[in-house]
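Structural characterization, general
Spelled out, the chains give:
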Amino acid sequence: MNPVSDPFRVAVKDSAREANRAVRRLVREEGDRLDFDSKAEAHRRARKLSADDETVKVQRAAPNDPDEVDGYLVAWPERKRWDPEGSPTEGLTFDTEANQYGALGEAVIFSPEVNPPLLTHFARVDADLAEREADDVRVELDRDPDPVTVGTSKRWEPDCRAVVRLGPNRPVLTEYWCEVKAGDGSFERSQREAMAAKARESTVLKIRVELDDLPESYTAWVRRVEPGEGGGEDESYRINASLGDFS
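**So, the pattern of salt bridges**
- Inspection of every chain in the model, using the stated rule, returns 17 salt bridges.
- The partner of Asp-35 in a salt bridge is Arg-9, and the shortest N-O contact between them spans 3.1 Å. Highlighted residues: Asp-35 in strand 2 (residues 33–36) and Arg-9 in strand 1 (residues 8–12), separated in sequence by 26 residues.
- Between Glu-175 and Arg-161 there is a salt bridge whose closest N-O contact spans 2.9 Å. With a gap of 14 residues between them, Glu-175 in strand 11 (residues 172–182) and Arg-161 in strand 10 (residues 160–165) connect regions that are remote in the sequence.
- Via salt bridges that share partners, Asp-14, Arg-17, Asp-32, Arg-33, Glu-179, Lys-181 and Arg-192 belong to a single interconnected network.

Below you can see the structure in the form of structure tokens.
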């Protein structure tokens, strides 16, 4: 490929949309596949998008990627702390990263694994049950469902499959295949197409979680437990003590 004259196609990844407002506007206007006159032009556009917001860069596509693109537009975070501050016993402080926000969003929606509040309430409303039956609704989660593939290029790995019953060991009433996004996270085109195909045979749910007032960093304390150690609480060492910020 000639980086100056050959056309260059870029897929916009979730990380770039989540990190950069200008990228989100661009996707709304032009879609999540961007065509450039050259590779050099794609890199120039990435620098322009990064001028007033978080850095994004063009990364070369994997050789075996089924998507017909030449590169990806991805977030390129500049960590404030490349190494944590402090020590394991005094507390190690790390910056919170975007993928941790996403993991927290999933934890909120999918906890506990039996009758998580959001999906349980949705199931009761969706099934239009009588009040007595609604009280019997039981939602059981499969956090590792099989991926959904359409042809050779469309693939979706659901975050969860939720099975709904009217009590333990009762027949399946319905099931939901779920994808969770936190904040401004976007669904990629290949995901959306695979989700739409799955929706022809099952109920597919897009779930968006707004997470307010999250900390920009967190601190953890670590202590090794020695063999033969006695019981009792040790107040000197705490794990994720700053998670109280979430309450």
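**Here we look at the confidence of the model for the chain**
- Here the chain averages 81 in pLDDT, while 81% of its residues score no lower than 70.
- Between residues 235–247, whose pLDDT stays under 50, and residues either more than four places distant or in other chains, the model counts 23 contacts.

**A short note on the packing of aromatic side chains**
- Under the counting rule described, the total for this entry stands at one aromatic pair.
- Ring centres 5.3 Å apart and planes at 75° place the aromatic pair Phe-122 and Tyr-176 in the edge-to-face group. Here Phe-122, found in helix 5 (residues 117–127), pairs with Tyr-176, found in strand 11; they are 54 residues apart in sequence, far enough to count as distant.
- On the accessibility criterion, Phe-122 (34% relative accessible area) is partly exposed.
- When the ring centre of Tyr-72 is taken as reference, the NZ or CZ atom of Lys-13 above it lies at 4.6 Å.
- The ring of Trp-177 carries Lys-198 above its face, with NZ or CZ at 4.1 Å from the centroid.

**Description of the sheet that holds strand 12 (residues 203–209)**
- Reading across the sheet, the four strands line up as 7-10-11-12 and stay open at both edges, with mixed pairing between neighbours. Only two strands of the sheet have a single neighbouring strand rather than two, namely strand 7 (138–142) and strand 12. Here the average twist between neighbouring strands, direction ignored, is 30°.
- Looking at chain direction, strand 7 and strand 10 are connected through five bridges and run antiparallel.

**Here we look at the pairing of strand 10**
- Among the six residues in strand 10, five count as buried, and that is most of the element.
- Pairing geometry for strand 10 and strand 11, over six bridges, is antiparallel. Across the sheet, Val-164 pairs through a bridge with Thr-174, a residue of strand 11.
- The turn linking strand 10 back onto strand 11 is made up of six residues, and Gly-167 within it adopts a positive phi angle of 115°.

Conventions used here
- Residues numbered from 1 in each chain as written.
- Predicted model: local features only at pLDDT ≥ 70, side-chain atom pairs only at ≥ 80, totals over all residues.
- Heavy atoms only, no water.
- Salt bridge = Lys/Arg side-chain N within 4 Å of Asp/Glu carboxyl O.
- Helix = DSSP H or I, 4+ residues; strand = E, 2+ residues; numbered from the N terminus.
- pLDDT = per-residue confidence, 0-100.
- Contact = heavy atoms within 4.5 Å.
- Phe/Tyr/Trp six-rings, centres within 6.5 Å; stacked < 30°, edge-to-face > 60°.
- Buried < 20%, exposed > 50% of the residue type's maximum accessible area, 1.4 Å probe, protein only.
- Lys NZ or Arg CZ within 6 Å of the ring centre and 35° of its normal.
- Pairing = 2+ DSSP bridges.
- Axes fitted to C-alpha atoms, helices over the stretch in contact; angles between N-to-C directions.

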